Number of protein chains: 2
Amino acid sequence: MSNVTIKLLAERLNLSTATISKALCDSHEISIATKERVLALAKELDYVPNPYAGSLRRNKSKTIAVLIPEVADSFFSLALNGIEEVALEKGYHTLIYLTHEKLEREKSILKSLSGGRVDGVIMSVTVETASFEHIKEFNRHYPIVFFDRVCKEIDTAKITTNDFECGYMATKHLIEAGCQKIALISISNSLSIISERTEGYKKAIEEFGLNEDCCPIIDFPDEPGLEYGIIRKMMSSSNRPDGIVATGEKLTTPIYLVCQQMDINIPKDIKVICFSNQSSAIILNPTLTTITQPAFEMGKKAASVLLKSLKYNSLILTEESTVISSTLIARGSTVC
Amino acid sequence: MSNVTIKLLAERLNLSTATISKALCDSHEISIATKERVLALAKELDYVPNPYAGSLRRNKSKTIAVLIPEVADSFFSLALNGIEEVALEKGYHTLIYLTHEKLEREKSILKSLSGGRVDGVIMSVTVETASFEHIKEFNRHYPIVFFDRVCKEIDTAKITTNDFECGYMATKHLIEAGCQKIALISISNSLSIISERTEGYKKAIEEFGLNEDCCPIIDFPDEPGLEYGIIRKMMSSSNRPDGIVATGEKLTTPIYLVCQQMDINIPKDIKVICFSNQSSAIILNPTLTTITQPAFEMGKKAASVLLKSLKYNSLILTEESTVISSTLIARGSTVC
DNA sequence: ATTTTTTACTTAATCGTTTAAGTAAATTTT
DNA sequence: AAAATTTACTTAAACGATTAAGTAAAAAAT
């Protein structure tokens, strides 16, 4: 802690602490001469207000929390970047919590925040978040803005991308590239975004009249490391798909590696499109066709919405929900 | 804010707030019966202490700050992951601040923290951080642990990797793979880590008797976007290098792309080794030989050191400095 | 010249904790 | 049985800010 307090300034200037406090926030009750003296001394002594004293008194912490599954992920790190940018600009501080996809962690973090540590929360739920009571309870006292992985059941602002449409677009893109047997693979089927993408995929499959039996939907179990086996199995099946929609960036590596190992040529033997924000997409071989989410913008928007609601003390902000479109960037993995 | 306070519990139980407070921290001054009553009611009403009241009183925030240049970077996001893991485990909260390589931002963030918002800081300086007075000043009041990009001039714990050795190793690796004209390219030459790596590179060049005139050291200017031109120029020079040591992961993409565009084969025409933690290294074509830093471990170690010092209230922790070795992983970009 | 208003402050309460110091009753020691 | 100690509390101050309410002096209005 810095030991320069309002009290010290008051003593030095023979004024009351109230005068100092008011002078510092430029109150009209204080004479210009006094304000100048106060400001000068404050500057000289490098006075920085104790944030917690203020927070306690005002019941406002000027702090928000970001709850995300992980940060070593292009999407989430870009989103965090956007959030931090807006927060810093508006004078807010950003606490970061990683849930590592664990519901228990999500619960205990929210619990620990509920004593007033933050003014609001921006979050993306875990794959395990199937019940929402803990979030609802928290939301009774604090504003929440969801981004990407939302809770439909909770009535608040949600910043998402057009997942359904993108599932459709991705699949359509493969179909137009000549695929007939398109597999969809996901890291989880419990997430809202994944089911949206899956629905879009199904719509395209149906609309273009593909044989659904040849279009498997594969969800990975929670334990990591099993991806390879599952993908390898899929690739060795008698009815191997000729197209893959991968709904998460984590899937790129196993798909590329298995294809390499099994000598399956992308895009000749199988075309791949991946929901991914990885900047390396353009230097993979072949370059990867992606659905790129507006991660940074989503983060910025989520923070803007939350901070605006805090500014005006308005709790309800469902109408602030925004859908920002992702972009399909066609590259070598779907174009022969 | 939650409206359940110690005062409320006290009223409900006809006890003083002091008794409640002591009961909650299991003080020996309170009878077991009373403790049980307090705990039961606290649980029933979902009491969560106001963190700021406690912080104010104890002058401890149980909060640390992480200052990093950016988060959308494999190294820093992995390090943050490690920091958050340790912090959460020890009951600390983690504020995240991105400097975006701007010295001014670093200064103003540290200033804003100096009122007692955090108990300590973990940081990696910006490329612009050539003067250290602001950090030194901050460090007079709060403990700092540096990781990766350290300030040699400041006497505190520094968690680094063996950059010098790795610069040497990387260069030696290229030489052993047959390279004679090795370029070193960096995003900046002002950082301690880069100069370490550069020194290691120089040592290898000298030790193996390469012609120094054919081994250019190239620093990129601050403005992004110029990398391509510089790399392209280097590649078109009459004396094109046959090996590249790239000291940052941001350099992979321009190098690969320029080689592709200019039809220069990696590794046949030029071999590339990159300081990088990108998980996509193994699916690039060719797969990328990397010096992989122990980012997660460095983050964990930095947090451990800081939190330990906070626990024992010990300010000086220079001896806690740790060097964790990076790993050279030879892949396709240096092996024909 | 008196009253009213404005200016420029101060006093004291408050936010929700923690904790040093005090205290009455119960228990133990002598 | 008196003195000393222990138990189980309470009172009140403190952390560093903010702010409602109070006040004396100066300025303005009547």
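The rules behind these values
Residues numbered from 1 in each chain as written. Chains lettered and ligands numbered in written order. Predicted model: local features only at pLDDT ≥ 70, side-chain atom pairs only at ≥ 80, totals over all residues. Heavy atoms only, no water. Helix = DSSP H or I, 4+ residues; strand = E, 2+ residues; numbered from the N terminus. Rg over C-alpha atoms; globule rule 2.2 N^0.38 Å. Buried < 20%, exposed > 50% of the residue type's maximum accessible area, 1.4 Å probe, protein only. Areas by Shrake-Rupley, 256 points an atom, 1.4 Å probe, with all protein chains shown as cover. Near = heavy atom within 4 Å. Polar contact = N/O pair within 3.5 Å; in protein donor to acceptor, adjacent residues only side chain to side chain. Nonpolar A, V, L, I, M, F, W, Y, C, P; charged D, E, K, R; others polar. Contact = heavy atoms within 4.5 Å. Buried area = accessible area lost by both parts, 1.4 Å probe. Pairing = 2+ DSSP bridges. Axes fitted to C-alpha atoms, helices over the stretch in contact; angles between N-to-C directions. Least-squares fit on C-alpha atoms with pLDDT ≥ 70 in both. Core = buried A, V, L, I, M, F, W, Y, C linked by side-chain atoms within 4.5 Å. Salt bridge = Lys/Arg side-chain N within 4 Å of Asp/Glu carboxyl O. Domains from an automatic or database assignment. Arc of directions from axis to C-beta.

**Description of the overall build of chain A**
Part 1: A count of helical and extended segments in chain A gives twelve helices and twelve strands.
Part 2: Its C-alpha radius of gyration of 26 Å places chain A more than 25% over the 20 Å reference for a compact globule of 336 residues.
Part 3: Considered along the principal axes of its C-alpha atoms, chain A spans approximately 90 × 40 × 30 Å.
Part 4: With 336 residues in all, chain A has 56% of them scored as buried.
Part 5: As presented, chain A carries roughly 14,300 Å² of accessible surface, and 51% of it is formed by carbon and sulfur atoms.

**Brief notes about the protein's contact with DNA strand D**
Part 1: Residues in contact with DNA strand D amount to 23 residues; listed here are only the nearest, Ile6(A), Ser21(A), Arg57(A), Thr19(B) and Ser31(B).
Part 2: Here DNA strand D approaches the protein such that, of its atoms within 4 Å, sugar and phosphate make up 58%.
Part 3: Note that a phosphate oxygen of DNA strand D is positioned 2.7 Å from one of the side-chain N or O atoms of Tyr47(A).
Part 4: Among the secondary structure elements, those contributing two or more residues to the surface near DNA strand D are helix H1 (6-13), helix H2 (17-24) and helix H4 (51-58) of chain A together with helix H2 (17-24) and helix H4 (51-58) of chain B.
Part 5: Looking at the surface near DNA strand D residue by residue, the classes come out as eight nonpolar, eight polar and seven charged.

**Comments concerning the interface of chain B and chain A**
Part 1: With 52 residues of chain B at the interface, the matching set in chain A holds 53 residues.
Part 2: A combined buried area of about 5,100 Å² lies between chain B and chain A, and 60% of that area is made up of carbon and sulfur atoms.
Part 3: Here chain B and chain A share 15 residue pairs in polar contact (both at pLDDT 80 or more) between them.
Part 4: Of all the elements in the fold, those that place two or more residues in the side of chain B that touches chain A are H4, helix H5 (74-89), strand S2 (93-98), helix H6 (103-113) and helix H11 (252-261) of chain B.
Part 5: The class makeup of the residues in the side of chain B that touches chain A is 24 nonpolar, 22 polar and six charged.

**With respect to the sheet that holds strand S8 (residues 243-246) of chain B**
Residue and element names in this part refer to chain B.
Part 1: Strands sit in the order S7-S6-S8-S9-S10-S12 across an open sheet of six strands; the sheet is mixed. Since the sheet does not close on itself, it has two edges, and those belong to strand S7 (217-219) and strand S12 (327-329), each with one partner. On average, each strand axis in the sheet is tilted by 15 degrees relative to the strand beside it, whichever way the strands run.
Part 2: Across three bridges, strand S9 (residues 271-275) lies against strand S10 (residues 289-292) in parallel orientation. Residue Phe-275 lies in a different strand from S10, and its bridge partner there is Ile-291.
Part 3: Relative to S9, helix H8 (residues 163-176) is tilted by about 165 degrees, and along the sheet it contacts strand S6 (182-186), S8, S9, S10 and S12.

**Details of the relation of the copies chain B and chain A**
Part 1: Of the transformation superimposing chain B on chain A, the axial component is 0.0 Å and the angular component is 180 degrees, with the fit at an RMSD of 0.1 Å. Taken together, the rotation angle and the small translation identify this as a two-fold axis.
Part 2: Taken together, the interface assignments show that 100% of the residues at the interface of chain B recur at the interface of chain A, consistent with an identical surface on both copies.

**Section: the protein's contact with DNA strand C**
Part 1: The immediate surroundings of DNA strand C are formed by 24 residues, with Thr19(A), Ser31(A), Thr34(A), Ser21(B) and Arg57(B) found nearest.
Part 2: Close to the protein, within 4 Å, the atoms of DNA strand C belong to sugar or phosphate groups at a rate of 59%.
Part 3: One of the side-chain N or O atoms of Ser16(A) is found 2.7 Å from a phosphate oxygen in DNA strand C.
Part 4: Between Ala53(B) and DNA strand C, the recorded distance is 3.2 Å, taken from a backbone N or O atom to a base nitrogen.
Part 5: At the level of elements, H2 and H4 of chain A together with helix H1 (6-13), H2 and H4 of chain B are the ones that each hand at least two residues to the surface near DNA strand C.

**Digging into the nonpolar core**
Part 1: Counting 57 residues, the largest nonpolar core has Ile64(A), Phe147(A), Ile64(B) and Phe147(B) as its most contacted members.
Part 2: Not counting residues up to four positions away in its chain, the partners in contact with Phe147(B) are Ile68(B), Phe75(B), Phe76(B), Ala79(B), Ile83(B), Ile122(B), Met123(B), Ser124(B), Ile159(B) and Ala302(B).

**Let's talk about the pattern of salt bridges**
Residue and element names in this part refer to chain A.
Part 1: Counted under the stated rule, the structure contains 33 salt bridges over all chains.
Part 2: Note that Asp-26 and Lys-35 form a salt bridge whose closest N and O atoms lie 3.0 Å from each other.
Part 3: By relative accessible area, which is 54% here, Asp-26 ends up exposed.
Part 4: Across the pair Lys-202 and Glu-199 runs a salt bridge, and its minimum N-O distance is 3.5 Å. Residue Lys-202 and its partner Glu-199 are located together in helix H9 (residues 192-207), separated by three residues, close to a single helical turn.
Part 5: Where salt bridges share partners, they join Glu-70, Asp-73 and Lys-250 into one cluster.

**A few points about the side chain of Ser124(B)**
All names here are of chain B.
Part 1: Here Ser-124 is to be found in the loop between strand S3 (120-123) and helix H7 (133-141).
Part 2: Of note is the side chain of Ser-124, whose polar atom sits 2.7 Å from the backbone oxygen of Phe-147.
Part 3: Non-local contacts of Ser-124, meaning those with residues more than four positions away in its chain, are made with Leu-67, Ile-68, Pro-69, Phe-76, Phe-147, Asp-148 and Arg-149.

**Some points on the domain arrangement of chain A**
Residues and elements named next belong to chain A.
Part 1: Each domain of chain A was delimited in the assignment, giving domain 1 (6-49), domain 2 (61-161 + 295-326) and domain 3 (163-293).
Part 2: When the two sides are added together, the surface that domain 2 and domain 3 hide from each other amounts to roughly 1,400 Å², 47% of it contributed by carbon and sulfur.
Part 3: Taken together, domain 2 and domain 3 are joined by three salt bridges.
Part 4: Note that Lys-250 is salt-bridged to Asp-73, the shortest N-O span being 3.7 Å.
Part 5: Our count for the contact surface shared by domain 2 and domain 3 stands at six residue pairs in polar contact (both at pLDDT 80 or more).
Part 6: With three residues, the top contributor of residues to the side of domain 2 that touches domain 3 is helix H5 (residues 74-89).
Part 7: Each residue belonging to the side of domain 2 that touches domain 3 can be placed in one class, and the counts come to seven nonpolar, four polar and seven charged.

**Points about unusual backbone geometry**
Part 1: A cis geometry characterises the amide bond from Ile266(A) onward to Pro267(A), with omega recorded as 5 degrees.
Part 2: Checked against the element boundaries, Pro267(A) lands in the loop between helix H11 (252-261) and strand S9 (271-275).
Part 3: Following Asn285(B), the chain continues to Pro286(B) via a peptide bond in cis, the omega torsion being 0 degrees.
Part 4: In this structure, Pro286(B) sits in the loop between S9 and S10.

**Some words on H2(A)**
Since one α-helical turn is 3.6 residues long, residues separated by three or four positions face the same way.
Residue and element names in this part refer to chain A.
Part 1: Listed in full, the buried residues belonging to H2 are Thr-19, Ile-20 and Ala-23. Along the axis of H2, the buried residues cluster in a sector spanning 100 degrees; they form a single face.
Part 2: The secondary structure elements touched by the buried residues of H2 are H1 and helix H3 (32-44).
Part 3: Asp-26 sits one or two residues past H2 and shows a positive phi near 55 degrees.

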